[in-house]
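Close look at the chain arrangement
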Amino acid sequence: RVASGFHGARTMDGADPVDEKTVYRIYSMTKPVTAVGLLMLYEEGKFSLDDPITDFLPEMGKLVVFDGLKAGGIRTKPPGHTPTMRELLLHTAGFGYGDGQQDYVSQQYISRQIDAASSSDELVTKVAAIPLKYQPGEAWSYSIASDLQGVIIERISGQSLDQFLEARIFAPLKMTDTGF
């Protein structure tokens, strides 16, 4: 037996109450859905968790790690290793995110308008030009990793992310109101 209930309104004026048919934006819940899609490809043997992300994102071949500010610019150092697929899934690959944090790397995501990329390829190219926040595998940080996972899904499957998730997750589960 499932218990359910509803509270709130669908409209700002409160005139339209929520009910069992109300559709919600799920925002960051897309992250685990994208990770499930990528792990489906892992189960099919399309990659190993310890593969470098550059196997699928060759644009990331010249990543550097932020090492502080200096007069007239920044200091960087090479990464100890290329981030792996496992680290990408765990948000420990070193990437930042334009989420309002005030550190240099996070601010680069905002100033370089990463969220305005017109394509997956442009997104990867823009992100590859920003230093990592820390050495891959050394820390966890909410990051652009899920977006990069989506690009990898597209490149492995040959489908857009929304087509892949619809065909492989939403349709089989009869999630008719879920989509990208």
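Residues numbered from 1 in each chain as written. Predicted model: local features only at pLDDT ≥ 70, side-chain atom pairs only at ≥ 80, totals over all residues. Heavy atoms only, no water.

**Quick word on the environment of Leu-63**
- Here Leu-63 shows up in the loop between helix 1 (30-43) and strand 1 (65-70).
- Along the chain, Leu-63 and Pro-79 lie 16 residues apart, while their C-alpha atoms are 7.1 Å from each other.
- In this view, Leu-63 contacts Pro-79, Pro-83, Phe-95, Ala-128 and Leu-132; residues no more than four positions away in its chain are not counted. (Helix = DSSP H or I, 4+ residues; strand = E, 2+ residues; numbered from the N terminus. Contact = heavy atoms within 4.5 Å.)

**Some words on the packing of aromatic side chains**
- Going through the model one piece at a time under the given rule, you end up with four aromatic pairs.
- When the ring of Phe-66 is compared with that of Tyr-104, the centres are 5.1 Å apart and the planes differ by 15°; the resulting orientation is stacked. Linking Phe-66 in strand 1 with Tyr-104 in helix 3 (residues 104-111), this pair joins segments that are 38 residues apart in sequence.
- Put simply, the rings of Tyr-42, Phe-47 and Phe-56 touch in pairs and so form one group of aromatic residues. (Phe/Tyr/Trp six-rings, centres within 6.5 Å; stacked < 30°, edge-to-face > 60°.)

**Some words on the packing of helix 4 (residues 120-128) against helix 5 (residues 145-157)**
- With their axes 10 Å apart at the nearest point, helix 4 and helix 5 run at an angle of 135° to one another. By the angle between their directions, the pair helix 4 and helix 5 is classed as oblique. Two packed elements cross with a definite hand, and for helix 4 against helix 5 that hand is left-handed. Taking contact as the criterion, the partners of Ser-120, Asp-121, Leu-123, Val-124 and Val-127 in helix 4 are, on helix 5, Asp-147, Leu-148, Val-151, Glu-154 and Arg-155. (Axes fitted to C-alpha atoms, helices over the stretch in contact; angles between N-to-C directions. Parallel < 35°, antiparallel > 145°, perpendicular 65-115°, else oblique. Left-handed = near helix turned anticlockwise from the far one by under 90°.)

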